[in-house]
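Given next are the chains, with one letter for each unit.
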Amino acid sequence: MYEMKPEYYTGIKAIDQEHTRLFELAQETYELMNDELLHDKAESLTRLLSELIDYTKTHFSHEEAYLESIHYAQKAAHVAQHRKFEDSLLEFDLNLVDDDPESQDETVSNLLDFLVNWLINHIQKVDMLYVK
């Protein structure tokens, strides 16, 4: 369901590969959200969120180095959006999830919505600016 589509490719192989992994993490989030057999999703959610935080830091570091290498004029604004995304991920307070399956499902759903909307918008509206 969530995958890298032709309209998301920047033409920069390393960045496209990293974006592909971010879509894979979105797909994993979707699968967790729809896993009706797993009633306690706290552990899976914690692992997924931790991987997402770590991977985005790595990706943003690589992308920001690329922006520096091409002397991208809008680098500061681009980097600011990355920091905002990282801050938003940290706002998913897993301590509030506890053992409540309903709360867990809501958190997974909110994470998926946030991740997919941000990723698609950022790639199509912000990343594509440095490709041109």
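No experiment lies behind these values; they were computed from the predicted model shown. (Residues numbered from 1 in each chain as written. Predicted model: local features only at pLDDT ≥ 70, side-chain atom pairs only at ≥ 80, totals over all residues. Heavy atoms only, no water.)

Give a detailed account of the packing of aromatic side chains, specifying residues and quantitative values.
Following the criterion strictly, the structure yields nine aromatic pairs and no others. Judged by centre distance (5.0 Å) and plane angle (10°), the ring pair of Tyr8 and Phe23 falls under stacked. With Tyr8 in the segment before α1 (13-33) and Phe23 in helix α1, the pair connects residues that are 15 residues apart, well separated along the chain. According to the relative accessible area criterion, Tyr8 is buried, its value standing at 5%. Phe23 gets classed as buried once you look at its relative accessible area, which sits at 2%. (Phe/Tyr/Trp six-rings, centres within 6.5 Å; stacked < 30°, edge-to-face > 60°. Helix = DSSP H or I, 4+ residues; strand = E, 2+ residues; numbered from the N terminus. Buried < 20%, exposed > 50% of the residue type's maximum accessible area, 1.4 Å probe, protein only.)

Tell me about the nonpolar core, and name the residues and values.
Within the largest apolar cluster, 25 residues are counted, with the highest numbers of intra-cluster contacts made by Phe23, Leu49, Leu52, Phe85, Leu89, Leu111 and Ile123. Listing elements by their share of this core, those giving two or more residues are α1, α2 (42-69), α3 (75-90) and α4 (101-131). Sort the elements by how many residues they give to this core and α4 lands first, with nine residues. Once residues within four sequence positions are removed from consideration, Ile123 is found in contact with Tyr8, His19, Phe23 and Met128. (Core = buried A, V, L, I, M, F, W, Y, C linked by side-chain atoms within 4.5 Å. Contact = heavy atoms within 4.5 Å.)

Give me the environment of Asn110: which residues, what numbers.
Examined against the element boundaries, Asn110 turns out to sit in helix α4. A relative accessible area of 39% places Asn110 in the partly exposed class.

So what about the packing of α2 against α4? Which residues, and what values?
Angle between the axes and distance between the axes are the two parameters that describe a pair of packed helices. At a closest axis distance of 12 Å, the pairing of α2 and α4 adopts a crossing angle of 10°. On the basis of the axis angle, α2 is roughly parallel to α4. On α4, the residues touching Ala42, Leu45, Leu49, Leu52, Phe60, Glu63, Tyr66 and Leu67 of α2 are Gln104, Thr107, Val108, Leu111, Leu115, Trp118, His122, Asp127 and Tyr130. In the contact of α2 with α4, the residues fall into twelve nonpolar, three polar and two charged. (Axes fitted to C-alpha atoms, helices over the stretch in contact; angles between N-to-C directions. Parallel < 35°, antiparallel > 145°, perpendicular 65-115°, else oblique. Nonpolar A, V, L, I, M, F, W, Y, C, P; charged D, E, K, R; others polar.)

Break down the confidence of the model for the protein chain for me, citing the residues and quoting the values.
For the protein chain, per-residue confidence averages 92 on the pLDDT scale, and 96% of positions sit at 70 or higher. Here α4 stands out as the element of the protein chain with the lowest mean pLDDT, 93, in contrast to α1, whose mean of 96 is the highest. (pLDDT = per-residue confidence, 0-100.)

Can you explain α4? Please cite residues and give values.
If you check α4, its first and last C-alpha atoms are 43 Å apart, about what 31 residues at 1.5 Å a residue would give, namely 45 Å. In the structure, α4 departs most strongly from a straight axis at Ile123, where the bend amounts to approximately 40°. (Expected span 1.5 Å × (residues − 1). Bend = angle between axes of the 7 residues up to and from the residue.)

Explain the pattern of salt bridges to me, and be specific about the residues and the numbers.
Within this structure, the stated rule accounts for nine salt bridges. A salt bridge links Arg47 to Glu51, with the nearest nitrogen and oxygen atoms 3.3 Å apart. Residue Arg47 and its partner Glu51 are both found in helix α2; the two are separated by four residues, about one turn of the helix. On the basis of relative accessible area, Glu51 is assigned to the partly exposed category, the value being 27%. (Salt bridge = Lys/Arg side-chain N within 4 Å of Asp/Glu carboxyl O.)

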